[in-house]
Amino acid sequence: MKAAVLIKNGDAATAFQIREVATPLFRNDEVLIKVAAFGLNFADVMARMGLYKEAPPKPAILGYDVAGTIVAVGEDVKHLRTGDRVTAMTRFGGYAEYAVTKASAATEIPAEMDYATATALTTQYCTAYFAAAEMINLHAGDKVLVQSGAGGVGTALIQYAKHRQCEIFSTAGSETKLNYLRSLGVHHPINYTTHDFESEIMTLTEGKGVDAIFDAVGGASIKKGFRSLAAGGRIVCYGAAAISDKNIFGKISTALAFGFYHPLQFMTASKALIGVNMLRIADNKPEVIQRCLEAVVQLNKEGVFTPTLGKVFDVADIGAAHDFLEKRKSIGKVVVQWWS
Ligand SMILES: NC(=O)c1ccc[n+]([C@@H]2O[C@H](COP(=O)([O-])OP(=O)(O)OC[C@H]3O[C@@H](n4cnc5c(N)ncnc54)[C@H](OP(=O)(O)O)[C@@H]3O)[C@@H](O)[C@H]2O)c1
């Protein structure tokens, strides 16, 4: 089979090569999927840059989510069969014509849903659902800040917060993205390139702050976010995009900018900082991933979760797809397809 293989870290244009590789073998609890489309996640950009320690050694096949048709199932697999149209989370290996994953990480997609759109429902929507529904139980009227709201996870978080009837604040880096946030129903879109989000939040909430923050920017954004929380507020820290475009000194200073915290600070202020890493969850409790996936599919059926397809690239343009995501040009999900 063919795969888009990461051969060197650095510039997106030269990082990948389409190579002939062995089709992966599957175990009893796994399925083999003929991949029609695979999704990009920002973690792929970090892996390409050599900033993601979980990534496999090069030459590596990246990829966290695929959509396609099941061509073989392990003998313990009960809920899926050959021919099913599915979307699935993969633990790398997604940038290929065939991918293997645990059956519990795959789910059938509605007949009317195209493969490209379906890729968004796994990693990005499951991350958002786990963070917003399981780690933070959002309630009607909660004031919620979603950082990078126009992205893949951001879109899902906003749709969930809207479903829970929250008052939504969200940041993005351009007017086009702000218009997109408005179209999603964000009450207070904030352009962080022209406005300081902390002062905006404090003005808009009359100095009280917000009840929940979802932040994958990291660095100073977490420290400012912590200050922007009301009593009882929680901040979910699930990424560090801010280190991606820095040199080594910038990376160190961004890491330090997260801040240093003492448990007493959380207790006396009645605020919480929650870390989320879906890979750790998948390792520790795969059933949580299955539960989130089922919930995401159900919310999709109910019309709560409707992924935005940002842009679809052909596999030959994998470098351009990475560049598009890295340079903050994307809105919603970036997808790569094998056959147009
Ligand atoms: N912990 C987990 O398990 C987990 C799982 C999935 C995703 N994540 C994290 O969640 C975040 C969102 O992932 P995604 O796949 O949905 O990506 P995405 O949000 O679609 O794309 C990244 C967006 O981040 C914003 N951004 C902020 N600072 C940036 C910087 N320094 N460089 C580039 N972009 C920056 C940009 O939006 P603006 O133009 O609006 O700034 C950009 O469009 C990523 O940080 C990712 O690593 C974590």
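Rules behind the numbers
Residues numbered from 1 in each chain as written. Predicted model: local features only at pLDDT ≥ 70, side-chain atom pairs only at ≥ 80, totals over all residues. Heavy atoms only, no water. Phe/Tyr/Trp six-rings, centres within 6.5 Å; stacked < 30°, edge-to-face > 60°. Helix = DSSP H or I, 4+ residues; strand = E, 2+ residues; numbered from the N terminus. Buried < 20%, exposed > 50% of the residue type's maximum accessible area, 1.4 Å probe, protein only. Lys NZ or Arg CZ within 6 Å of the ring centre and 35° of its normal. Domains from an automatic or database assignment. Contact = heavy atoms within 4.5 Å. Salt bridge = Lys/Arg side-chain N within 4 Å of Asp/Glu carboxyl O. Pairing = 2+ DSSP bridges. Axes fitted to C-alpha atoms, helices over the stretch in contact; angles between N-to-C directions. Near = heavy atom within 4 Å. Polar contact = N/O pair within 3.5 Å; in protein donor to acceptor, adjacent residues only side chain to side chain. Areas by Shrake-Rupley, 256 points an atom, 1.4 Å probe, with all protein chains shown as cover. Nonpolar A, V, L, I, M, F, W, Y, C, P; charged D, E, K, R; others polar. Lys, Arg positive; Asp, Glu negative; His and termini not counted. Core = buried A, V, L, I, M, F, W, Y, C linked by side-chain atoms within 4.5 Å. Arc of directions from axis to C-beta.

A. Focus on the packing of aromatic side chains. Enumeration according to the criterion identifies 12 aromatic pairs in this entry. Judged by centre distance (5.9 Å) and plane angle (45°), the ring pair of Phe16 and Tyr95 falls under tilted. Of the two residues, Phe16 is situated in strand S2 (residues 16-20) and Tyr95 in the loop between strand S5 (85-89) and strand S6 (98-102); the sequence distance between them amounts to 79 residues. For the pair formed by Phe16 and Tyr95, the shared burial category is buried. One aromatic cluster in this structure is built from Phe16, Phe38, Tyr95 and Trp338. Across the ring face of Phe197, the terminal group of Lys224 is positioned such that the distance to the ring centre comes to 5.3 Å. The side chain of Lys271 reaches across the aromatic face of Phe226, ending 5.2 Å from its centre.

B. Examining the domain arrangement of the protein chain more closely. For the protein chain, the domain assignment lists domain 1 (2-119 + 308-337) and domain 2 (139-276). Taking the mean C-alpha position of each, domain 1 and domain 2 sit 28 Å from one another. On the domain 2 side, the residues contacting the nine residues of domain 1 number 14 residues. Between the two partners, domain 1 and domain 2, sit one salt bridge.

C. Examining unusual backbone geometry more closely. The linkage connecting Lys58 with the following residue, Pro59, adopts the cis geometry, with an omega of -5°. Relative to the helices and strands, Pro59 resides in the loop between helix H2 (42-48) and strand S4 (65-73). With a phi angle near 65°, Phe92 is a residue other than glycine that sits in the positive phi range. Topologically, Phe92 is positioned in the loop between S5 and S6. Although it is not a glycine, Ser148 sits at a positive phi angle of roughly 50°. By the secondary structure assignment, Ser148 is in the loop between strand S8 (143-146) and helix H5 (152-163).

D. Representation of the sheet that holds strand S13 (residues 272-275) within the structure. Taken in spatial order, the six strands of this open sheet run S10-S9-S8-S11-S12-S13, and their pairing is parallel. Two strands in the sheet have a free side with no partner beyond their single neighbour: strand S10 (188-191) and S13. Averaged over all pairs of adjacent strands, the angle between their axes in this sheet comes to 15°, without regard to strand direction. Bridge analysis of strand S11 (residues 210-215) against strand S12 (residues 229-237) gives five bridges, and the strand direction is parallel. For Val210, the partnering residue across the bridge sits in S12 and is Leu229. In this fold helix H7 (residues 197-204) packs onto S8, strand S9 (167-172), S10 and S11, with an angle of close to 155° to the strand it touches most, S10.

E. Focus on the site of the ligand. Lys177, Tyr192, Val276, Met278 and Arg328 are the nearest of the 25 residues found near the ligand. In this structure, an oxygen atom belonging to the ligand sits 2.7 Å away from a side-chain N or O atom of Lys177. The side chain of Arg328 places a nitrogen or oxygen atom 2.8 Å from a nitrogen atom of the ligand. Its free accessible area being 910 Å², the ligand has 92% of it covered by the protein chains. Across the shell around the ligand, the residue classes break down as 11 nonpolar, 10 polar and four charged. Summarising the domain contributions, the shell around the ligand has at least three residues from each of domain 1 (2-119 + 308-337) and domain 2 (139-276).

F. Structural detail: the side chain of Asn41. Position of Asn41 relative to the elements: it lies in the loop between strand S3 (30-39) and H2. Judged by relative accessible area, which is 6%, Asn41 ranks as buried. Setting aside its immediate chain neighbours within four residues, Asn41 contacts Tyr64, Asp65, Thr123, Gln124, Leu325 and Lys333.

G. Representation of the side chain of Lys271 in the model. Residue position: Lys271 is located in the loop between helix H10 (263-269) and S13. No salt bridge is formed by the buried Lys271; its nearest oppositely charged neighbour, Glu198, is found at 8.6 Å. Within polar-contact distance, the side chain of Lys271 engages the backbone oxygen of Phe226 at 3.0 Å. With sequence-adjacent residues up to four places away left out, Lys271 is seen in contact with Phe226, Arg227, Leu229, Ala230, Gly233 and Phe266.

H. Up close: the nonpolar core. Ranked by internal contacts, the top residues of the largest apolar core, which has 53 residues, are Tyr129, Leu138 and Phe214. Mapped onto this core, the elements with two or more residues apiece are helix H4 (123-135), S8, H5, S9, helix H6 (175-184), S11 and helix H12 (286-301). Looking at which domains feed residues into this core, each of domain 1 (2-119 + 308-337) and domain 2 (139-276) supplies at least three. Setting aside residues no more than four positions away along its own chain, Phe214 makes contact with Ala131, Ala132, Ile136, Leu138, Val144, Leu145, Val146, Gln147, Leu157, Val236 and Tyr238.

I. Region of the structure containing H7. When we look at burial in H7, the residues that qualify are Phe197, Glu198 and Ile201. Within H7, the buried residues cover an arc of 100° as seen down the axis, which keeps them to one side. Packed against the buried residues of H7 are S8, S9, S10, S11 and helix H8 (220-227). Phi for Glu206, located one or two positions after H7, is positive at around 50°.

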